[in-house]
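# Report on the structure
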Amino acid sequence: MKENENFISESTNKRECSDNEEKKIDIDDVLVNEIGQFGRYQIRQLLLLSLPLLMGAFSSEYVFSAAAIPHRCQIPECGEEGKDFELQPEWIVNAVPGTDSGGFSSCQRYEPLGANGSLEFCSADIFNRNNVIACDNYVYGKNNSVVYDFNLGCQEWMRTFAGTLSNIGTLLVLPITGYFSDRFGRRLALIVNTFNFGLFGSIRAFSTNYTMYMVLHFLQTFLGAGISSSAYIFATELVGPKYRVLAGALCPSMFAVGSMILGCVAWAIESWRHMILALHMPCFLIVFYYWFLGESVRWLISKQKYRKARSALEKVAKTNKTTISQESMTALLRPKVETTESRNLITAILRSRILLRRVCTTPFWWISTTLVYYGLSINSTSLSSAMYLNYILTYGIDIPGNLATVLILARIGRKPTLSGDFSVVRLLLYLLGKFSISIVVTSLYVYTSELYPTEYRHSLLAFSSTIGRIGSITAPLTPALMVYWESLPFVLFGGMGLLAGLLVLTQPETRGMKLPDTLAEAEVITKTGA
């Protein structure tokens, strides 16, 4: 009898142990041990994601479509009745005051006395050279900008407001896209954002005035600038732990390639309207992704869409020429009991001190990163005198930085990379600084996504990135600080970076850790990875 009791007890313990082992099986285990971390399926999906990632970079085309162009006052007294005249006729010094640099004023002219000249000769005698007045209209040296079409000469704040609106639209769309992605799926969020981006961008090419151009630009980013974050979340949830950094580095690298393509297209197509159409029309190909791009398995499991998750797992295994065991399939697709509170993001944050601390910390990393990144980009004109080459070089240097991240994060981890580069970036020359901050950007995407669980990942990554837009909105204002002290912008970059680097040290190391799917798994990182 005693032997039977011992046998029953032993069998029960084995069964409980077996059950516990089944419970511990997650998608990372299956990717590593069975269906493949980075097989043909993942490569095909990443190639599909490359196209929208390239297109996401086109949100910055306002750098060229709203570029500053040479201009001066129109001089009707000398026979000029339009915008298309020689920018520097021989008589221009008689009508327009000069500058200290040896040129002539773009926004001022001498007061006319009532007499007239001609395009061939315009005497200084018909102007009161002791009185300078503002321009009424303008003559432009180029016509490949909205500045020419909408007569924005000397209205610099209106011209540059396109960049401000772009960042405001992006700031607003990120939390919306995060919620939409976590609620309705990664694939649908990516498709909707890319389609909207192409739609409003294409319509903007037909703008009849600057107000229409600006409104459509805002709508384009407000309804479509979530492309990059959607694609990034998709990519990192697709691969196994060993290749997560590689997938994370490929995303900003594709964005950089897209930025270089943008520079080349703008260089090749002079008309800003034709350039915008050439960039945005391919976005409509995204509608076919509904049939070609598979949904994130992690998201399907987190939302308990088990029938679709089973089909997706079987497709991954078939494409990778591997198999998934029935035991693993059963363990992954076992229904999970969730309370109402666990489904509510705000409640989950407030109930978890660990998650609350991360939510308060990660946004500051993003503010510092975007401030330094965009601050350096703004000063890229010092690289050469060619606007298009400047832009191409500025983003070209990001690619080796992104790829270097793969080696750095794998060897020294997330925390040393972020805290180290943040504090020294101010000491480096421009290109080396841009190289370093590109490492930080890629690391930041990887690290932030690894700290949050699948059920809230895109929402909280979007929240951090949204707050981070404070940095990109502030960056264009930093050159004005040089009025008070020439080195003040760089002291600001360095101080923000140093503080952000110290805050990184308050969070756990995630190198080699599984991507957390639930809040409980995310909280355990503190105990095992710190």
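Naming follows an unreviewed UniProt entry, where the chain appears as Major facilitator superfamily (MFS) profile domain-containing protein of Iphiclides podalirius. Among the UniProt annotations of the chain, the heading Subcellular location (unreviewed entry) holds the following wording: "Membrane".

Further remarks concern the overall build of the chain. Along the backbone of the chain there are 26 helices and four strands. Burial statistics for the chain: of 530 residues in total, 51% are counted as buried. In the chain, the proportion of contacts linking residues at least 24 apart, taken out of those at least 6 apart, comes to 78%. When the accessible area of the chain is evaluated, it comes to approximately 24300 Å², of which 62% is carbon and sulfur surface.

Okay, empty space enclosed by the protein next. Within the structure shown, the criterion is met by one cavity of 30 Å³ or more. What the largest cavity holds in volume is close to 130 Å³. Looking at the lining of the largest cavity, the elements that each hand over two or more residues are helix H2 (27-35), helix H3 (40-56), helix H14 (297-302) and helix H15 (306-319). Looking at the lining of the largest cavity residue by residue, the class counts come to nine nonpolar, four polar and three charged.

This part takes up the packing of aromatic side chains. Within this structure, the stated rule accounts for 15 aromatic pairs. Measuring from centroid to centroid gives 6.3 Å for Phe150 and Tyr210, while their planes differ by 50 degrees, and the two rings are tilted. Highlighted residues: Phe150 in the loop between helix H6 (146-149) and helix H7 (156-184) and Tyr210 in helix H9 (residues 210-224), separated in sequence by 60 residues. A relative accessible area of 15% means that Phe150 is categorised as buried. Relative accessible area serves as the criterion here: at 7%, Tyr210 is assigned to the buried category. Here the aromatic cluster, defined as three or more aromatic residues joined through ring pairs, consists of Phe64, Trp267, Tyr388, Tyr391 and Tyr395. Against the face of Phe184 rests Arg183, its NZ or CZ located 5.1 Å from the ring centre. Across the ring face of Tyr290, the terminal group of Arg187 is positioned such that the distance to the ring centre comes to 4.8 Å.

Taking 1.5 Å of rise per residue, 15 residues should cover 21 Å, and H9 covers 20 Å from first to last C-alpha, within 8% of that figure. Within H9, burial applies to Tyr210, Tyr213, Met214, Leu216, His217, Gln220, Thr221 and Gly224. Packing partners of the buried residues in H9 comprise helix H4 (62-65), H6, H7, helix H8 (186-204), helix H10 (227-236) and helix H12 (272-280). Sitting at the head of H9, Asn209 places a side-chain oxygen 3.2 Å from the backbone nitrogen of Thr211.

Parameters at a glance
- Residues numbered from 1 in each chain as written.
- Predicted model: local features only at pLDDT ≥ 70, side-chain atom pairs only at ≥ 80, totals over all residues.
- Heavy atoms only, no water.
- UniProt positions renumbered as here; feature names shortened; annotations may be inferred.
- Helix = DSSP H or I, 4+ residues; strand = E, 2+ residues; numbered from the N terminus.
- Buried < 20%, exposed > 50% of the residue type's maximum accessible area, 1.4 Å probe, protein only.
- Contact = heavy atoms within 4.5 Å.
- Areas by Shrake-Rupley, 256 points an atom, 1.4 Å probe, with all protein chains shown as cover.
- 1 Å grid on protein atoms, 1.4 Å probe; cavity = no way out; pocket = protein on both sides within 12 Å on 5 of 7 lines; lining within 4 Å.
- Points joined across faces, edges and corners; volume = space filled by probe spheres on them.
- Nonpolar A, V, L, I, M, F, W, Y, C, P; charged D, E, K, R; others polar.
- Phe/Tyr/Trp six-rings, centres within 6.5 Å; stacked < 30°, edge-to-face > 60°.
- Lys NZ or Arg CZ within 6 Å of the ring centre and 35° of its normal.
- Expected span 1.5 Å × (residues − 1).
- Polar contact = N/O pair within 3.5 Å; in protein donor to acceptor, adjacent residues only side chain to side chain.

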